[in-house]
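As a plain string of letters, each chain reads:
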Amino acid sequence: MPRYSLPQENPADSGFQTRDLIRFFLVDIILIVGLRLLLGLGFFAKVDHYVLAILGSKVALFLYLVWLIRDRRGAWPETGIANAGRWWAWPLSILAYAAFYPLLLMFNSLNRSLMVRLHDALGWVYTPQPQDVMILIFEDILQTPVRLLLIFFTVVAGPFMEELAFRGVGIDAYRRTVGVFWALVWTGLLFGLYHFSLELLLPLGFLGIFFGAVRLATGSLWCGVLVHCLHNAVTLLIMAHGLGVLETLKFW
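Each value, and the rule that gives it
- Residues numbered from 1 in each chain as written.
- Predicted model: local features only at pLDDT ≥ 70, side-chain atom pairs only at ≥ 80, totals over all residues.
- Heavy atoms only, no water.
- Axes fitted to C-alpha atoms, helices over the stretch in contact; angles between N-to-C directions.
- Helix = DSSP H or I, 4+ residues; strand = E, 2+ residues; numbered from the N terminus.
- Left-handed = near helix turned anticlockwise from the far one by under 90°.
- Contact = heavy atoms within 4.5 Å.
- Nonpolar A, V, L, I, M, F, W, Y, C, P; charged D, E, K, R; others polar.
- Patch = residues over 30% accessible without salt bridge, like charges linked within 9 Å, V, L, I, M, F, W, Y side chains within 5 Å.
- Areas by Shrake-Rupley, 256 points an atom, 1.4 Å probe, with all protein chains shown as cover.
- Salt bridge = Lys/Arg side-chain N within 4 Å of Asp/Glu carboxyl O.
- Buried < 20%, exposed > 50% of the residue type's maximum accessible area, 1.4 Å probe, protein only.
- Expected span 1.5 Å × (residues − 1).
- Bend = angle between axes of the 7 residues up to and from the residue.
- 1 Å grid on protein atoms, 1.4 Å probe; cavity = no way out; pocket = protein on both sides within 12 Å on 5 of 7 lines; lining within 4 Å.
- Points joined across faces, edges and corners; volume = space filled by probe spheres on them.
- Core = buried A, V, L, I, M, F, W, Y, C linked by side-chain atoms within 4.5 Å.
- Phe/Tyr/Trp six-rings, centres within 6.5 Å; stacked < 30°, edge-to-face > 60°.
- Lys NZ or Arg CZ within 6 Å of the ring centre and 35° of its normal.

Some thoughts on the packing of helix α5 (residues 144-177) against helix α6 (residues 179-194)
For any two helices packed against each other, one specifies the crossing angle of their axes together with the interaxial distance. Close contact between α5 and α6 brings their axes to 8 Å; oriented N to C, the two are set at 145°. Seen from above, α5 lies across α6 with right-handed handedness. Residues Met 161, Glu 162, Phe 166, Arg 167, Gly 170, Ile 171, Tyr 174, Arg 175 and Thr 177 of α5 form the contact with α6, whose participating residues are Gly 179, Val 180, Ala 183, Leu 184, Trp 186, Thr 187, Leu 190, Phe 191 and Tyr 194. For the contact of α5 with α6, a count of residues per class yields 11 nonpolar, 4 polar and 3 charged.

Describing a nonpolar patch on the surface
There is a patch of nonpolar side chains on the surface, built from Val 178, Phe 181, Trp 182, Trp 186, Leu 189 and Leu 193 and spanning about 580 Å² of accessible area. Note that Val 178 resides in the loop between α5 and α6.

Observations regarding unusual backbone geometry
Even without being glycine, Phe 196 reaches a positive phi, approximately 50°. With respect to the helices, strands and loops of the structure, Phe 196 is situated in the loop between α6 and α7 (201-218). By relative accessible area, Phe 196 is classed as partly exposed at 43%.

Points about α5
The end-to-end C-alpha separation of α5 is 46 Å, in line with the 50 Å expected for 34 residues at 1.5 Å each. When the local axis directions of α5 are compared, the greatest deviation, roughly 50°, occurs at Phe 153. Backbone geometry just after α5 places Gly 179 at a positive phi near 95°.

Details of the layout of surface pockets
Counted as a void, the second largest pocket has a volume near 200 Å³. If you go around the second largest pocket, the residues you meet are Leu 55, Lys 58, Val 59, Phe 62, Leu 149, Phe 152, Phe 153, Ala 157, Phe 160 and Met 161. A total of 6 residues in the lining of the second largest pocket trace back to one element, the largest contributor, which is α5. Here the lining of the second largest pocket is built from residues that sort into 9 nonpolar, no polar and 1 charged.

Quick word on the nonpolar core
The biggest cluster of nonpolar side chains holds 37 residues, and the ones touching the most others in it are Phe 24, Leu 65, Phe 166 and Phe 210. Secondary-structure elements contributing two or more residues to this core are α1 (18-40), α2 (47-70), α3 (89-122), α5, α6, α7 and α8 (221-243). Considering every element that reaches this core, the biggest residue donor is α5, with 8 residues. Apart from residues lying up to four places away in sequence, Phe 166 is in contact with Leu 21, Phe 24, Ile 171, Thr 187, Leu 190, Phe 191 and Tyr 194.

Some thoughts on the packing of aromatic side chains
Applying the stated rule across the entire model yields 17 aromatic pairs. Taken together, a centroid distance of 6.2 Å and an interplanar angle of 80° make the contact between Phe 191 and Phe 211 edge-to-face. Taken together, the residues Phe 191 in helix α6 and Phe 211 in helix α7 connect sequence positions 20 residues apart. By relative accessible area, Phe 211 is classed as buried at 0%. A network of ring pairs unites the aromatic residues Phe 24, Phe 25, Tyr 97, Phe 100, Tyr 101, Phe 166, Phe 191, Tyr 194, Phe 196, Phe 210 and Phe 211 as a single cluster. Taking the ring centre of Phe 191 as reference, the NZ or CZ of Arg 167 above it sits at 4.5 Å.

This is the structure in structure tokens:
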């Protein structure tokens, strides 16, 4: 009689690997490069169309992330998404963010000083450039539904996806291989690089480390999502104030 044996579970299929976060990163780069090429070829005659294309690419990236997590057996709990955290974790996360914010401003100032020195050494004039997606929110030519979608992505959907990728998949993957400390460092660095801005690399890198610390301290992905959403909302308000558009910004 033929002998049958149960299929053996592949260890690589249980839990996350460091390559999972790298793949997420590379897929995003491919999508961004594709959009830039289409923009150069004139496929986006209107800013609205370009913004919708960006949001569509992020939806595709999120679906890839969900597929990546589902591909690992029992991986969802490892992201921290199933744990709401203890009641004290939520207000403590907000207080920790408020205490961290002055340090974040210091890192931002340091990063700007380094950029000024780099430009001076190259004989260039340094002009601070905000992130493309955020600055588009304040463009008058955006239609109201598109503007609201962009705000929702910036303040809510984007932070959730990034936390799921970097503090869900990334933290679990790296602490399996290099330990907790280096997991915080590497996921923080990748988080900074993910935004494709040398002007924000240092502050966003340390912000990523802070989000990772919140994730590990509370055991919940949601506490990190909360402070990430709060940070993006604060950043938008500061940008709006700096551009003088708080009084003139129209949604309808």
